[in-house]
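Geometric and topological summary
One-letter residues, chain by chain:
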Amino acid sequence: MLVKTYNLTDDPDITLTAYIPDISEEMKNMKIKPSVLVLPGGAYKFCSDREAEPIALAYLAKGFNAFVLRYSLNEKSAFPTPLNDASKALKFIRDNAAEFYTDPQKIAVIGFSAGGHLAAALSTMSDDKPNACILGYPCILSSTSPILASPVESVTDYVTDKTPPTFIFAASNDGAVPIENSLSYAEALNRNGISFELHIFEDGDHGFSLGTDVVCSTEVLQERCKPNTYWLDRSVQWLKKLFS
């Protein structure tokens, strides 16, 4: 398997790590695969490890190539700098699609929390958009700015009929990013005729990631989040149907 990290800018902290399985003649229908670009959360203050490589490996096991972007943070996080990072990452993947055995028109972005804001921004504010978007307990509205490193605009204002199909999941008892963020984005998608799927779990609070023992720091949290692990398999089914 190829695991390689690339620098996308002069800033050494902005990196894109590719996870590409070996190509086998025994699995000829798996040579060229769809891909997932992972944008971890962390309030634009850090990139959460729980929402980085574990997510990439989870999609890798489901038949996708995966990429993890570490984007601009803290004093560098004012827009459009992180969006420029994400746009460069998407372009880099498409420009090198042959090397990555990737279908350039089957690239989904997945973002969590602040990474969800960035994924939604890439899907709405960028000229070059991903082909699908997955949002985990995303920051969407400008009202989330107080918990972030820099103020953000409401991404709902940029949803158009060019926005890609979107899969959203979150917990109704999210104590960090109110559920209205996910609901508002779904409403904006609906107003613009964009297909979407929305899953609101009863429990899980914020940052449950895969909801497994790999990412949950305590057994209590793992037990609370166990029902939420459904989102991964369902998002894979959704993507494969969309990309078929």
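Once a new chain begins, its residue numbering starts again from 1 and follows that chain's sequence as written. Local features in this predicted model are restricted to residues of pLDDT 70 or higher, and side-chain atom pairs are both shown and tallied only at a pLDDT of 80 or more, whereas totals for entire chains, interfaces and linings draw on every residue. Water and hydrogen atoms were dropped before computing side-chain values, which therefore reflect all heavy atoms in the structure.

1. Re the sheet that holds strand S2 (residues 15-20)
When DSSP finds two or more bridges between a pair of strands, those strands are recorded as paired. For helices the rule is a DSSP run of H or I covering at least 4 residues; for strands it is a run of E covering at least 2, with both sets numbered from the N terminus onward. With mixed pairing, the eight strands of this open sheet are ordered in space as S1-S2-S4-S3-S5-S6-S7-S8. Edge positions in the sheet fall to strand S1 (2-7) and strand S8 (196-201), since each has one partner strand and no second. The sheet shows a mean angle of 15 degrees between the axes of neighbouring strands, taken without regard to direction. In terms of strand pairing, S1 meets S2 through six bridges, oriented antiparallel. The partner of Thr5 across the bridge, within S2, is Thr17. Residue contacts are defined here by distance: any two heavy atoms, one from each residue, within 4.5 Å place the two residues in contact. Axes here refer to lines fitted to C-alpha atoms; in helices the fit is confined to the stretch in contact. Angles between the N-to-C directions go from 0 to 180 degrees. In the packing of helix H2 (residues 81-95) onto the sheet, the strands contacted are S1, S2, strand S3 (33-39), strand S4 (65-70) and strand S5 (102-112), and the crossing angle to S5 comes to about 150 degrees.

2. Some remarks on the environment of Ile134
Structurally, the position occupied by Ile134 is in strand S6 (residues 132-136). A sequence separation of 69 residues divides Ile134 from Asn65, and the C-alpha atoms of the two residues are 15 Å apart. Once you skip the residues sitting within four places of it in the chain, Ile134 turns out to touch Tyr59, Val109, Ile110, Gly111, Phe167, Phe169, Ser235, Trp238 and Leu239.

3. Examining the pattern of salt bridges
Throughout this description, the term salt bridge denotes a Lys or Arg side-chain nitrogen within 4 Å of a carboxyl oxygen of Asp or Glu. Summed over all chains, the structure comprises nine salt bridges. Put simply, Asp95 and Lys91 hold a salt bridge, and the shortest N to O gap is 2.6 Å. In this pair, Asp95 and Lys91 both sit in helix H2, four residues apart, roughly one turn of the helix. The partly exposed category is assigned to Lys91, whose relative accessible area is 47%. One salt-bridge network, in which partners are shared between bridges, spans Asp11, Asp13 and Lys76. The cut-offs for exposure are 20% and 50% of the maximum accessible area for each residue type, with area from a 1.4 Å probe on protein chains only; residues under the lower value are buried, those over the upper are exposed, and the others partly exposed.

4. Here we look at empty space enclosed by the protein
It is a probe the size of a water molecule, rolled over the atoms, that shows where empty space is left. Site definitions follow a grid-based scheme: protein atoms alone, a 1 Å grid, a 1.4 Å probe that fits but cannot get out for cavities, and for pockets an open set with protein on both sides within 12 Å along at least five of seven lines, plus lining residues having an atom within 4 Å of a point. Grid points are joined across faces, edges and corners, and a volume is the space filled by probe spheres set on the points. Tallied over the full model, the rule gives one cavity of 30 Å³ or more. If you add up the space inside the largest cavity, you get close to 30 Å³. What lines the largest cavity is simply Phe79, His117, Met125, Val152, Glu153 and Val155. Gly is placed with the polar residues, together with every amino acid not listed as nonpolar (Ala, Val, Leu, Ile, Met, Phe, Trp, Tyr, Cys and Pro) or charged (Asp, Glu, Lys and Arg). When the residues that make up the lining of the largest cavity are grouped by side-chain class, the tally is four nonpolar, one polar and one charged.

5. Notes on unusual backbone geometry
Note on backbone geometry: most residues besides glycine have negative phi, and most peptide bonds are trans. Here the bond from Phe79 into Pro80 is cis, since omega is 15 degrees, no more than 30 degrees from zero. As for its placement among the helices and strands, Pro80 is situated in the loop between S4 and H2. Of note, the phi angle at Tyr44 is positive, near 60 degrees, even though the residue is not glycine. Along the chain, Tyr44 falls in the loop between S3 and helix H1 (53-60). Its relative accessible area of 1% is what places Tyr44 among the buried residues.

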